[in-house]
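Spelled out, the chains give:
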Amino acid sequence: MAALDNLVVTTALPAIRSDLGGKLEDLEWTVNAYTLTFAVLLMFGAALGDRFGRRRLFVVGLSVFTGASAAAALSPGIDALIAARAVQGVGAAIMMPLTLTLLTAAVPAARRGMALGIYGAVTGLAVASGPLIGGSLTEHISWQWIFWLNVPIGLALIPLARLRLAESTAPGSRLDVPGTLLISGGLFGIVYGLVNANAHGWTSAPVLTGLIAGTALVGAFVRHGFRSPNPMLPMRLFRNRGFLGINFASLLMFLGMFGSIFLLSQFLQGVAGYSPTEAGLRMLPWTGMPMIVAPIAGILSDRIGGRPVVAAGLAFQALGLGWFAAILTTDLSYAAQLPPLILSGIGMALYFAPAANVLMSTVGPADQGKASGTNNALREVGGALGVAILASVFSARGGYETPQAFTDGTVPALWIGAGAVALAAALALLLPRRPGSAPAVPAARAAAPPRKVRSAG
């Protein structure tokens, strides 16, 4: 549910715009209000679970997410919808980072690669199938049902989670409130500036204030991560090249993919003339490919290592987006769209399946919660930046006025998305050739003499 709601609104955007009104920046915020709160609170959510109990906080997050979904469905206007989406993101931020930790603890080490491959495939499929599910519900019932769908599922999962999941904590964990405030304010300022740049102008006071203050706060967060004894995100983790590579590759992958889907799902309706369901169905070669390829990719990564699989997947995704940008016209046939859709789908599957296992192989057990939160946060940051950046390029070069104007804006945006994913493929080469062991115990701790154990007798 949490992954699905990243993009479930994309094919519903024209219907939401028609029903509730709103400009391009309002449509961006219906996506970004969720992804931004999701991103900035993910690591805080992981810390809450580590301290107060992962199962307990998982249930709390699930409850908040379910209630906010009902509020989104009942929204009387665009501002209320954006607010409900932001609260949805809070629930997802508490719930989502605990899933990898709970799953890792529940599965034997020998089967963990396959289990995490399935997890990655399901997450990727949920993200990618959002446009189809959103389009089908919007056309055949109403756009409100993209949110009502979560309510019965959430109500069923709450007691199931309490009964079937084991409780666990991380002894000695502490909450990093200053770090949370710094990264929340920083990312909000940057995304606010990007979203409003074309409406108010790049040199306007609100935009410049958001971009400059946001960048300064993110810089302060990085400094805090080096200097604080218990930071939300220990910057020492990025000294591991595998951790650095998989996280920044994930950020760039989501930047290119989210921004492109945001525009292409509207292109298929506003320019190609498809209904919401038809638009979602025509994206199936892209969105449905993980069901076929991801299980194979998971097994392959166990045999040859995650680096070549992840790098190939990102390269295919970049080629698919670049192919789309090269051929996009107002009268583009669906037959011409199929090859880049299929290539993008294969690339997405090859990336998602091994990514979770590669991530968890770069940290020790004590850091798994923070690693999961970091990776999910950077993905969501990438998604929010992708929608903001690509929509900003779209506004500068085109608009909603005519099909040609929409196409003129979408083409350069897609090239930027393809370039971001291509850079992610290059970063994936930083990954170790084979999943390595967890980082070694720090030297100071390793050198400490063993404690004597007194006999109970």
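Residues numbered from 1 in each chain as written. Predicted model: local features only at pLDDT ≥ 70, side-chain atom pairs only at ≥ 80, totals over all residues. Heavy atoms only, no water.

**Student:** What is the right way to read the overall build of the protein from this model?
**Tutor:** When its secondary structure is counted, the protein shows 20 helices and 0 strands. Within the protein, the proportion of its 457 residues that are buried is 58%. A sequence separation of at least 24 residues applies to 83% of the contacts in the protein between residues at least 6 apart. Accessible area of the protein: about 18400 Å², with a carbon and sulfur share of 66%. (Helix = DSSP H or I, 4+ residues; strand = E, 2+ residues; numbered from the N terminus. Buried < 20%, exposed > 50% of the residue type's maximum accessible area, 1.4 Å probe, protein only. Contact = heavy atoms within 4.5 Å. Areas by Shrake-Rupley, 256 points an atom, 1.4 Å probe, with all protein chains shown as cover.)

**Student:** How should I be thinking about helix α11 (residues 205–227) in this particular structure?
**Tutor:** One turn of an α-helix holds 3.6 residues; hence residues three or four places apart share an orientation. With 23 residues, α11 extends 32 Å from end C-alpha to end C-alpha; this agrees with the ideal 33 Å at 1.5 Å per step. Buried residues of α11: Val207, Gly210, Gly214, Phe221, His224 and Gly225, and no others. (Expected span 1.5 Å × (residues − 1).)

**Student:** Please explain the packing of helix α4 (residues 54–73) against helix α6 (residues 97–106) as it appears in this structure.
**Tutor:** Geometry of a packed helix pair, given as the angle between the helix axes and the separation of the axes. Viewed as axis vectors pointing N to C, α4 and α6 meet at an angle of 140°, and their least axial separation amounts to 10 Å. As judged from the angle between their axes, α4 and α6 are oblique. For the element pair α4 and α6, the recorded crossing hand is left-handed. On α6, the residues touching Arg54, Arg55, Leu57 and Phe58 of α4 are Leu98, Thr99, Thr101 and Leu102. Residues that form the contact of α4 with α6 fall into these classes: 4 nonpolar, 2 polar and 2 charged. (Axes fitted to C-alpha atoms, helices over the stretch in contact; angles between N-to-C directions. Parallel < 35°, antiparallel > 145°, perpendicular 65-115°, else oblique. Left-handed = near helix turned anticlockwise from the far one by under 90°. Nonpolar A, V, L, I, M, F, W, Y, C, P; charged D, E, K, R; others polar.)

**Student:** Can you help me understand the confidence of the model for the protein in this one?
**Tutor:** In low-pLDDT segments, the atomic positions of the prediction should not be examined closely. Averaged over all residues, the pLDDT of the protein equals 79, while 89% of them reach at least 70. A low-confidence stretch, residues 435–457 (pLDDT under 50), is modelled with 13 contacts involving residues beyond four sequence positions or located in other chains. (pLDDT = per-residue confidence, 0-100.)

**Student:** What should I look at first to understand the packing of aromatic side chains in this one?
**Tutor:** In this description, a pair of aromatic rings is defined by centroid distance and the angle of the planes. Counted according to the given criterion, the structure contains 7 aromatic pairs. Relative to Phe243, the ring of Phe238 has its centre 5.0 Å away and its plane inclined at 70°; by these criteria the two rings are edge-to-face. Each member of the pair, Phe238 as well as Phe243, carries the same accessibility label: buried. Between Phe238 and Phe248 the ring centres are 5.9 Å apart and the planes differ by 55°, which places this aromatic pair in the tilted class. Taken together, the positions of Phe238 in the loop between α11 and α12 (241–270) and Phe248 in helix α12 put the pair 10 residues apart, joining distant regions of the chain. (Phe/Tyr/Trp six-rings, centres within 6.5 Å; stacked < 30°, edge-to-face > 60°.)

**Student:** Looking at this structure, how should I read the nonpolar core?
**Tutor:** As a rule of thumb, nonpolar side chains are buried together in soluble globular proteins. Ranked by size, the top nonpolar core spans 125 residues in total, and within it Met257, Trp286 and Leu314 carry the most contacts. If you tally residues by element for this core, the top one is α12, at 16 residues. One finds Ala294, Ala297, Val309 and Ala349 within the second-largest nonpolar core, a separate group that totals 7 residues. (Core = buried A, V, L, I, M, F, W, Y, C linked by side-chain atoms within 4.5 Å.)

**Student:** Explain the environment of Ala220 to me, please; I cannot follow it from the model alone.
**Tutor:** Along the chain, Ala220 turns up in helix α11. Ala220 sits in the partly exposed class, given a relative accessible area of 30%. Separated by 38 residues in the primary sequence, Ala220 and Leu182 have C-alpha atoms spaced 7.0 Å apart.

**Student:** Even after reading the chapter, I still don't get the side chain of Gln269, so can you show me in this structure?
**Tutor:** For Gln269, the location among the structural elements is in helix α12. In this view, Gln269 contacts Thr11, Pro14, Tyr274, Ser275, Pro276 and Ala279; residues no more than four positions away in its chain are not counted.

**Student:** It is not clear to me how the packing of helix α5 (residues 78–95) against α6 should be interpreted in this structure. Could you clarify?
**Tutor:** In contact at an axis separation of 4 Å, α5 and α6 are set at 25° when each is read in the N-to-C sense. Here α5 lies roughly parallel to α6, going by the angle between them. From α5, Ala92, Ala93, Ile94 and Met95 reach across to α6, where they touch Pro97, Leu98 and Thr99. Residue composition of the contact of α5 with α6, grouped by class: 6 nonpolar, 1 polar and no charged.

**Student:** Looking at this structure, I do not really get the environment of Trp148. What am I missing?
**Tutor:** Along the chain, Trp148 falls in helix α8 (residues 145–148). Residue class for Trp148 comes out partly exposed when judged on its relative accessible area of 27%.

**Student:** Help me out: how do you make sense of the environment of Ala336 in this one?
**Tutor:** Mapping Ala336 onto the fold places it in helix α17 (residues 334–360). Residue classification places Ala336 among the partly exposed residues on the basis of a relative accessible area of 29%. Between the C-alpha atom of Ala336 and that of Phe324, which follows or precedes it by 12 residues, the distance is 9.1 Å.

**Student:** What is the right way to look at the side chain of Arg379 in this model?
**Tutor:** Mapped onto the elements of the fold, Arg379 is located in helix α18 (residues 368–397). Filtering out sequence-adjacent residues up to four positions away, Arg379 remains in contact with Thr123, Ser250, Phe254, Tyr351, Phe352 and Ala355.

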